[in-house]
Amino acid sequence: MEFQTAPSKGQVAMSIAKGIFLVLLGLVALAAPGATSVGFALVLAWILMLGGLTHMLSLWHVSTLTGAARSIAIGLLYFAAGLVLVRQPMWAVTSLTLVIGLVFMAEGVIGLIAYISGGHRTGSTLLTAIVALALGAMIINGWPLSSVWAIGTIVGANLLVAGIAEMFAIGSRHTER
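Keep in mind that what you see is a predicted model, and the values were worked out from it rather than measured. (Residues numbered from 1 in each chain as written. Predicted model: local features only at pLDDT ≥ 70, side-chain atom pairs only at ≥ 80, totals over all residues. Heavy atoms only, no water.)

### Digging into the overall build of the chain
If you tally the helices and strands in the chain, you get six helices and zero strands. For the chain, the N- to C-terminal ordering of α and β elements is α-α-α-α-α-α. Radius of gyration (C-alpha) of the chain: 22 Å, far over the 16 Å computed for a compact globule of 177 residues. If one aligns the C-alpha atoms of the chain with their principal axes, the spans along those axes are about 65 × 45 × 40 Å. A buried classification covers 26% of the 177 residues belonging to the chain. For the chain, long-range pairs separated by at least 24 residues make up 78% of all intrachain contacts whose partners lie at least 6 apart in sequence. For the chain, the exposed surface amounts to about 11,300 Å²; the carbon and sulfur share of it is 75%. Taken as two groups, the 7 positive and 4 negative side-chain charges of the chain have centres that lie 10 Å from each other. (Helix = DSSP H or I, 4+ residues; strand = E, 2+ residues; numbered from the N terminus. Rg over C-alpha atoms; globule rule 2.2 N^0.38 Å. Buried < 20%, exposed > 50% of the residue type's maximum accessible area, 1.4 Å probe, protein only. Contact = heavy atoms within 4.5 Å. Areas by Shrake-Rupley, 256 points an atom, 1.4 Å probe, with all protein chains shown as cover. Lys, Arg positive; Asp, Glu negative; His and termini not counted. Charge placed at Lys NZ, Arg CZ, Asp CG, Glu CD.)

The following block contains the structure:
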């Protein structure tokens with residue numbers, strides 16, 4: 001038998017602060033979904049560029065000419081992709097939005113198949129499948145214009161729910177004492 005100790009006041013305070021901070025970030029992302037989407041794309045662009053530089057700077061550890069050529073080629077590829085995204089962040093946002101829409105549609109279809117086949121015949125399986133299909137359809141039907149709001153709204157909603165869940169989780173652990 002495993003005993004859980006109740007969280008300390010410091011742990012409760014930290015979880016509540018974390019939850020509030022996540023909720024605030026979520027509200028900011030929901031208030032400015034376009035800026036959130038572009039910011040997301042720019043972070044991805046810089047990660048690609050830094051990855052490319054890392055490949056190129058690690059060149060002196062390579063012992064063969066083929067390995068050196070590989071490091072240079074991959075480094076230039078990553079760096080160039082990141083540079084394109086920095087210069088044209090809406091390309092990244094538009095592409096990512098289409099991928100997210102297609103993933104939601106696929107998730108919905110898979111969920112419906114699982115529900116219909118009887119493997120997971122629960123209300124939550126059906127609801128999740130329908131919501132995923134609806135979100136995917138909304139994103140794809142409005143694409144490329146949906147690119148302005150989709151990623152920022154999804155990120156914002158996720159942060160908002162995560163913050164609320166964090167505060168509820170610590171509240172339930174705190175009241176168990």
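Next comes the rest of the description.
### Some words on the environment of A31
Its place among the elements puts A31 in helix 1 (residues 9-31). C-alpha separation for the pair A31 and R87, spaced 56 residues apart in sequence, amounts to 25 Å.

### A few points about the packing of helix 2 (residues 33-57) against helix 3 (residues 65-87)
Between helix 2 and helix 3, whose axes approach to 7 Å, the crossing angle comes to 160 degrees. Taken together, helix 2 and helix 3 sit at an angle that is classed as roughly antiparallel. The interaxial crossing formed by helix 2 with helix 3 has left-handed handedness. Contact residues: L42, L44, A45, W46, L48, M49, G51, G52, L53, H55 and M56 in helix 2; S71, I72, I74, G75, L76, Y78, F79, A81, G82, L83, L85 and V86 in helix 3. Grouping the amino acids of the contact of helix 2 with helix 3 by side-chain chemistry returns 17 nonpolar, six polar and no charged. (Axes fitted to C-alpha atoms, helices over the stretch in contact; angles between N-to-C directions. Parallel < 35°, antiparallel > 145°, perpendicular 65-115°, else oblique. Left-handed = near helix turned anticlockwise from the far one by under 90°. Nonpolar A, V, L, I, M, F, W, Y, C, P; charged D, E, K, R; others polar.)

### Focus on helix 2
When the terminal C-alpha atoms of helix 2 are compared, their 36 Å separation across 25 residues agrees well with the 36 Å that a helix rising 1.5 Å per residue should span. Where helix 2 is concerned, the buried positions are P33, T36, S37, A41, A45, M49, G51 and G52. (Expected span 1.5 Å × (residues − 1).)

### Here we look at unusual backbone geometry
With an omega of 10 degrees, the peptide bond between W143 and P144 qualifies as cis. By secondary structure assignment, the location of P144 is in the loop between helix 5 (123-141) and helix 6 (150-175).

### Considerations on a nonpolar patch on the surface
A surface patch of nonpolar side chains, amounting to about 600 Å² of accessible area, comprises M90, L127, V131, L135, M138, V148 and W149. In terms of residue count, the dominant contributor to the nonpolar patch is helix 5 (four residues). One can find L127 in helix 5. Residue classification places L127 among the exposed positions, given a relative accessible area of 55%. (Patch = residues over 30% accessible without salt bridge, like charges linked within 9 Å, V, L, I, M, F, W, Y side chains within 5 Å. Salt bridge = Lys/Arg side-chain N within 4 Å of Asp/Glu carboxyl O.)

### Description of the environment of T66
By the element assignment, T66 lies in helix 3. Considering only alpha carbons, one finds T66 and L133, 67 residues apart in sequence, at a separation of 46 Å.

### Describing the packing of helix 4 (residues 89-117) against helix 5
Put simply, helix 4 and helix 5 touch, their axes get as near as 7 Å, and they point 150 degrees apart. In this view, helix 4 runs roughly antiparallel relative to helix 5, as classed from their interaxial angle. Where helix 4 crosses over helix 5, the two elements pack in a sense that is left-handed. On the side of helix 4, the interface is formed by T97, I100, G101, L102, F104, M105, E107, G108, V109, G111, L112 and Y115, while helix 5 contributes T125, L126, T128, A129, A132, L133, L135, G136, A137, I139 and I140.

Read these as spatial facts, not as claims about activity.
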